[in-house]
Amino acid sequence: MKIAVVSEQASGERRVAATPETARKFIALGAEVAVEAGAGAGAAIADPDYAAAGAALGDRAATLAGAEIVLAVQPPAPDSLAGIAPGAWVVAIMAPFGDGRARVEGYAAAGYEALAMDLMPRITRAQSMDVLSSQSNLAGYKAVIDAAAEYGRAFPMMMTAAGTVSAARVFVMGVGVAGLQAIATARRLGAQVSATDVRSATKEQILSLGAKPVFVEAVAGIEGEGSGGYAGEMSSEYQKAQAELVSAHIAKQDIVITTALIPGRAAPRLVSDAQLATMRPGSVLVDLAVEQGGNVEGAVAGEIVERHGVRIIGHRNTASRLAADSAALYSRNLYNFLSTFWDKEQGRPVLDAEIGDAVRLTRGGAVVNARLVS
């Protein structure tokens, strides 16, 4: 079994799908690991480190030649994988909906079996394989650091001989993995933190981190955690009540961080231009959903823009901006996934139905995932 680790071709992508640590572990399972030269540079991993772990280094053609599993972060173009074995697995964060559908069909046409790590079911035994959680956790942390860099004022309250500096007020909208980490990080920096979500169960999580929950009380939200730990779309009545609540709260905030996503759908709009206009000049807003359409009106993917004196941060691929850590966690997710299903007799992973059917996009020349063919 040859496992190939390729360099990322997407603009701004600094992560890599395997580290020397996971390469060594794959080799211990009996696999051969080949790494494209320079693949780890963006994550501060030098080629000699891979060689010391036992991986073979070479150009892209040599790395892919005969590979039965290709590991990547962003999904490689189907026509960039010439030389891999027939029926080879391509494992990556596939983003198969919307614009990604054509790429999925390209994998099917080429006869590859595409596995989407971003469709990993959120069940107990798959927690160590959950790339969305590992990457969102770092994105939530980085969002606060980015906001602090742009804010231009101190986060904690400071009592000095010259007077008192008030604590920054941070409002987190969407309390999933990224939102919880954003709350925790802002609290560590000394900010006064509040947060909101449509899922009622998150109120206790917000309180446990020392933040203030801001919830619509008159209209019912989602009880429990929602499907797969994500929120769904809310009724128009709830959306109206939430907009009124947010409008009253957001005008008093210094920093707002939005994290709301709905799988397979455009990100919900949480902050309007009119609400932005109520914030004081110098405030900062970070939109972590900007690449899926954005939670904030006026946010631009890949840019920091200013509207009504408010700076709106729309960095793409936030997790990649912490490449060394995010690559380490992502590569462990991949190892945990493949090693869990490793069959020693066959010398390769053999997926079961529960997880295999969830992540498998293509097989035998066809698109087979139920979420894409239904």
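Structure shown above.
As a starting point, this report considers the structure included with it. (Residues numbered from 1 in each chain as written. Predicted model: local features only at pLDDT ≥ 70, side-chain atom pairs only at ≥ 80, totals over all residues. Heavy atoms only, no water.)

### With respect to the sheet that holds strand β4 (residues 69-71)
Strand pairs in the sheet, formed through backbone hydrogen bonds, run parallel or antiparallel to each other. Rules: Pairing between two strands is assigned when DSSP locates at least 2 bridges connecting them. Helix and strand assignments follow DSSP, with helices taken as H or I runs no shorter than four residues and strands as E runs no shorter than two, numbered in order from the N terminus. What counts as an axis is a line fitted to C-alpha atoms, over the stretch in contact for a helix, and the angles between N-to-C directions run from 0 to 180 degrees. Between two residues, a contact is recorded if the distance between any of their heavy atoms is within 4.5 Å.
Read across the sheet, six strands follow the order β3-β2-β1-β4-β5-β6 without closing on themselves; strand pairing throughout is parallel. Edge strands, defined here as strands with exactly one partner in the open sheet, are β3 (56-58) and β6 (113-116). Strand-to-strand twist in this sheet, taken as the mean axis angle between neighbours without regard to direction, amounts to 20 degrees. Both β4 and strand β5 (residues 89-92) contribute to a ladder of three bridges, which runs parallel. From the neighbouring strand, Leu71 faces β5, where its bridge partner is Val91. Sitting on the sheet, helix α10 (residues 323-340) touches β4, β5 and β6, and the angle it makes with β5 is about 140 degrees.

### Focus: the side chain of Thr318
Looking at the secondary structure, you find Thr318 in the loop between β15 (310-313) and α10. For Thr318, the contacting residues outside a window of four places in its chain are Ala139, Lys142 and Leu288.

### So, the sheet that holds strand β13 (residues 284-287)
If you trace the seven strands from one edge of the open sheet to the other, you get β11-β10-β9-β12-β13-β15-β14, paired in mixed fashion. With one partner strand each, in any of the chains shown, β11 (212-213) and β14 (304-307) form the two edges of the open sheet. Relative to β15, β14 runs antiparallel, the two sharing four bridges. Following the sheet pairing, Glu306 is matched in β15 by Arg311. Each of β9 (169-173), β10 (192-196) and β12 (255-258) touches helix α8 (residues 236-250); the most contacted strand, β9, lies at about 160 degrees to it.

### So, the pattern of salt bridges
Inclusion rule: Note on definitions: salt bridges are taken to be side-chain nitrogens of Lys or Arg within 4 Å of carboxyl oxygens of Asp or Glu. Only protein chains enter the area calculation, which uses a 1.4 Å probe; residues under 20% of their type maximum are buried, those over 50% are exposed, and those in between are partly exposed.
Considering all chains together, one arrives at 20 salt bridges under this definition. Between Lys25 and Glu21 there is a salt bridge, with its nearest N and O atoms 3.2 Å apart. Separated by four residues within a single helix, Lys25 and Glu21 lie in helix α1 (residues 20-29), roughly one turn from each other. Judged by relative accessible area, Glu21 falls into the partly exposed class, the value being 28%. Here Lys142 makes a salt bridge to Asp146, at a shortest N to O gap of 3.7 Å. Remark: Asp146 and Lys142 occur in helix α5 (residues 131-151); sequence separation between them is four residues, near one turn of the helix. One connected set of salt bridges, linked through shared partners, spans Glu113, Asp357, Arg360 and Arg363.

### Notes on the packing of aromatic side chains
Selection rule: Centre distance within 6.5 Å is the pairing criterion for rings of Phe, Tyr and Trp, where only the six-membered ring of Trp is used; planes under 30 degrees apart are then read as stacked, over 60 as edge-to-face, and the remainder as tilted. Remark: a charge is flagged as sitting over a ring if the NZ atom of Lys or the CZ atom of Arg is within 6 Å of the ring centre and within 35 degrees of the ring normal.
Under the counting rule described, the total for this entry stands at three aromatic pairs. Centroid distance Phe26 to Tyr335: 5.2 Å. Interplanar angle 70 degrees. Geometry classified as edge-to-face. You can see Phe26 sitting in helix α1 and its partner Tyr335 sitting in helix α10, a full 309 residues away along the chain. Both residues of the pair, Phe26 and Tyr335, belong to the buried class. A ring pair is formed by Tyr151 and Phe155, whose centres lie 6.3 Å apart and whose planes are at 85 degrees; its orientation type is edge-to-face. Like Phe155, Tyr151 is buried. The ring centre of Phe215 lies 5.1 Å from the NZ or CZ of Lys203, which sits over that ring.

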